[in-house]
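Here's the letter readout for the chains.
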Amino acid sequence: MSRFRTACLAVLACASPALTLAQTATPSELTTALRFVLPAPATTSAGVYATDGRLVRTLWRAEAHPAGALERSWDGRDDHAAPVSPGRYEVRLLHHRLSHVWEGVIGNSSATLGEPQAHKAYLPPASIAIRGDTAYYAVGYNEQQPGIHGFRLATPQHNTRPVPSTDAFAAVSMLATDTTRLYWANTGGLVRTSFISAFDLAGARPAAFAAGRSVCLNKRPNSNTCYEGHLHPSVIDLNDDVTEAPTGLAVQNRGRVLAVAHGGKNLIRLFDKTSGEALGTISVPLNANTLNQIAMTATGDLWAISGNKVLRYTDLETRPRLTTTLGGLSQPVAVASHPVDDQTVWVADAGSSQQLKRFDGSGPPAAVIGQAGGYLNDPVVQPDKLCFRGRDGREQSAIAVALDNSLWVIDTCNNRMLRFRTDVASPKSDGQVAYLPAFYTSTVDHTNPRRVFANFLEFDADTGSPWRPGRSWRLVRNWLPSLPAALADRRAFNGLFGGFVSVETLSNGRTYGVVSTRSDQAIVELVPSGPLRVVGLLGRALPGATLKVMYENGDLGYALTGREVQIVMRLPLTGFTQATGDPVWASEPVALASVPTRPGTPYYRGAFSGMPPRFPVTASGKVVFFDPSVVGNEGFHLGAAALGGTGWLWQASPSGWLDGKGSFQTKANDGSTHYGGNSVWAHGRHIVYGYHGEFHKDPQTGRIGQANQFMHFDESGLFLAQFGQPSTRSGPPSQAGMSGNAFSPTLVRIGEGLYLYHNDESSHGGVHRWRIDGWNEVRELRGTGNAGGTIELR
C-alpha cells in the first residue's frame, strides 16, 4: 500500500484539485453510441470514466437487461449535466445477479420470528407471573408494541400475546395474577402518571373497579378528547408524582387483598382486588429503585423486601402485623411465593450473591441456585450462573414459581428468562426465553466470524446455512458484570449504545476490542479466561478529528477536517510489545487520502449516526468516504479517492427520494426525516452502507417510519443493489428483514460467502444476518473510444 505523509496537517488547507470538466462542446456533437452483449439476463449499471480513472457520468443504475446484443447511448454530459470536453473516454458496465437474503437473527430463542409468536420488546423483561400452565411477562415501556407478553409453560418459544396492551404512553412494569384477573402496574412511560389496572382473563378484556377512576395518557391537540388506546377507564392507585410510582405488586389468590408497594414512600397500599376500595397501608422501609419487591403466600400473607431482609406480614384485611424476618442476604431484589406451599418463598439475591435462595418458613436458606458472584469474575456463560445487573447499575429481577415446582427467573443482564427445575440436587437452567431489547452496538470478529457481539454479550453463531430460528447460536460470554471499574459508566449495560464498537483477532492470535467509556475510547483485550483487560485509552478526539475506529487488520483510523480538505488518517499496527503482547501502533499517523470539502461532495460532515465513521479501503486501493447527514448536502453521499490521492475518483449515491437505486433521502425533499445513514464497509470490490432513515417518508406509500435500507456499490462507484425491509410497507410489524435504527452494520467474509450483520431496535429482537448471494460473480464489460463516436464494450 502506498502512503504519503502530509506536510500541512497544522493548517489543513492543502491544495486539492477538484473534478473540473471543460464545457466546450454541445451534447448533440458528443452523443456516443454504446454497444454490448450480455451472456445472460442480468442487472446492469454503467458509467463513463475519464482516462485518469475519474467517474464522469453514471449512465444508469440497476436496470434489468435481457441476454443478447444491446445498444444504449451517452449524451455527452457529466453528472452535473454539463457538456464534457472532446476526447477519449472509457465506459464500464457491471452485470450481475446479486440477491440479498435475510436469514434471521442471533440472540432470539423464539421458534419463529414472524408475528405474533416471536418474543421481542424495546426493553428486557421486567416482571413475570404464572397462572396454571401460562406465564405472563411485562416489558415496561415498549413504544408502540404490546407491554404484556406470555407463553405456555409447555411451549415457551411461542409468544401468546395474551391481552391487548399496546399503549406507547404507558410502561407495564409489574404483573400479578389470581384465578380470574391479571393485574398490571403502569410505572410511567412517556408521562409521569402511574396506576394499577387489570384484565379479566376469561375474555382478555380490561376489568372494571367499582372504585376505579378514568385516566387519559394522551389527549388530542387543543382538545379534551383522548386518543384511542390511551384511555384507561378504570384504574386505582392513580398518581401523578414520579416518586409515587409502584415498586411492587401482589394479589391474594383466594382472599380479597391487592397490595401495591411504593418504595419512594416506604409504604404498601392495600386495596380490594375486585372493587378497588382502599383497605389500609403498611409502613415499612422499602427500596425506591427495585421492582417486584412484594409477593403473596398461598394463604394470603405478604412477603416484602426491606433493606437486606425479607419480611412476612399477616392479617392484611384487619391489622397487618409482622410475623417473620428472613436475613443473611446480600441485596434482595425480587421475591416470589410457591402457589401451594405456604412456607416456601424464593428470593433473588443480587449484590455479591447473584443467586436464588429458597426459604422454608424461617431460618437460613434451604436451597440455593446459582454460582456465588455470578459473572463478577468470569464472563463465561454457564447454566447455573445469574446476573441481575440492569441499566444505570441497578439490580433488577423477577421470579415466578409454577405448580410443578419449576422456577422462572429474569436473568436481567443476559436479556433472558431462565427455567430451573428445583426438584434436583444441583439445579441448572434447562430452558430459556431470550431476545435482545433495543441495542445499537453490535459487531463481528472478522478473523473468527463465529464471534458475534451485541453490547457486552458474545454469541457463538453458526457460520453455515440454512439458519435455524433460535438454534443457530448460543450465548457464550457476558463481559458486562466483570467490566473493569475504569469502563463502568452510564452506557455500561446490555442495551442501547453500550458495549463493543469493534472486536478483532489480530495477527498475534489475541482478540482486542474498542469500547466507548465516558468521553474516551478504550482498547481492551478479550482474554481467553477472566474479565476484560484494559490495554489503554485512546483519549478524546482532537478538534476537527473524528473518533477512532479499529479496522480488520488492527490499524486505527480517523479523519481530520479542516477549512478546505478532509484527510483520512491511519495509525498502522506495527507489532506487539514483548512484555505483555499488547498492540503497538505507529506514533505518527499517515494520510491515506484527502478530498476537498466543497458543497455537494460526500465528505463526512459529522452527522449523528450512532457509531464513529469508517473510511474503508477497497481491494484496488480506493479510500471510501460517506456522508450520512440529511441536512447540508444535496449532492452526493458516497465517494472515493485513490490511496495517496488528493481528489475525488468518483462520487455516487445522489440526494433524492429513496428509489431502489441508491439515492439518499434528505430533508430537502422529506422534511420529516430525522436521521439518514450510519456506517460504510468494504470488502474486496464491494461497498455497503446503511440508511436507517428515522421517521423518513416512504415515497411509495406516504407513510412515516424506518427506512432500514442498505446500499450496495462497486468500488468503481457504480451502484449494484439496494436491500432491506422498511416499516412503511403493508404487512405485519415483524416482516422478514425489518429493523429499526440499524446503526451498526458489519460486512463479513465467511469462507466463500459474504454476509451483513446489524443491530436491531426491537423489530426482531436480535442481531440480523443477511447473506449476499452472487457477490463474487459480478462481471464487468469495458470499452474505450472518442466522445461522439461508438464504443464497443467487451
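Just above sits the structure.
From a predicted model like this one, the values you see are computed outputs, not experimental measurements.

## What to know about empty space enclosed by the protein
Remark: the empty space left among the atoms is shown by a probe the size of a water molecule rolled over them.
Line of reasoning, step 1. Overall, the coordinates contain 5 cavities of 30 Å³ or more when judged by the stated rule.
Line of reasoning, step 2. Of the voids in this model, the largest cavity is the one considered here, and its volume is about 110 Å³.
Line of reasoning, step 3. Forming the walls of the largest cavity are 13 residues, and the residues nearest its centre are Val501, Met611, Arg614, Ser679 and Trp681.
Line of reasoning, step 4. The residue inventory of the lining of the largest cavity, partitioned by class, reads 7 nonpolar, 5 polar and 1 charged.

## With respect to the state of the cysteines
Covalent bonding between the sulfur atoms of two cysteines defines a disulfide.
Line of reasoning, step 1. Applying the stated criterion to the full structure yields 2 disulfides.
Line of reasoning, step 2. The disulfide that involves Cys216 links it to Cys226, with 2.2 Å between the sulfurs. Linking Cys216 and Cys226, the disulfide has an S-S dihedral of approximately 95° and is accordingly described as right-handed. Taken together, the residues span a long stretch of sequence, with Cys216 in strand S15 (residues 213–216) and Cys226 in the loop between S15 and strand S16 (231–239) at a distance of 10 residues.
Line of reasoning, step 3. Here Cys216 falls in the partly exposed class, since its relative accessible area comes to 24%.
Line of reasoning, step 4. Shown here is the disulfide that connects Cys387 with Cys413, its sulfur atoms set 1.8 Å apart. Given an S-S torsion of about 115°, the disulfide between Cys387 and Cys413 has right-handed geometry. Residue Cys387 is found in the loop between strand S28 (367–369) and strand S29 (399–401), and its partner Cys413 is found in the loop between strand S30 (406–411) and strand S31 (416–421); the two are separated by 26 residues along the sequence. Just as Cys387 is buried, Cys413 falls in that class too.

## Overview of the layout of surface pockets
Line of reasoning, step 1. Here the largest pocket defines a volume of roughly 1,200 Å³.
Line of reasoning, step 2. Residue lining of the largest pocket: 43 residues in total, with Leu123, Leu291, Arg391, Arg394 and Gln396 positioned closest to the centre.
Line of reasoning, step 3. Of all elements in the fold, only strand S9 (140–141) and strand S11 (171–177) reach the threshold of two or more residues within the lining of the largest pocket.
Line of reasoning, step 4. Residue classes in the lining of the largest pocket are distributed as 20 nonpolar, 18 polar and 5 charged.

The rules behind these values
Residues numbered from 1 in each chain as written. Predicted model: local features only at pLDDT ≥ 70, side-chain atom pairs only at ≥ 80, totals over all residues. Heavy atoms only, no water. 1 Å grid on protein atoms, 1.4 Å probe; cavity = no way out; pocket = protein on both sides within 12 Å on 5 of 7 lines; lining within 4 Å. Points joined across faces, edges and corners; volume = space filled by probe spheres on them. Nonpolar A, V, L, I, M, F, W, Y, C, P; charged D, E, K, R; others polar. Disulfide = S-S within 2.5 Å. Helix = DSSP H or I, 4+ residues; strand = E, 2+ residues; numbered from the N terminus. Buried < 20%, exposed > 50% of the residue type's maximum accessible area, 1.4 Å probe, protein only.

From the geometry alone we can't say anything about function, so treat these as descriptive.
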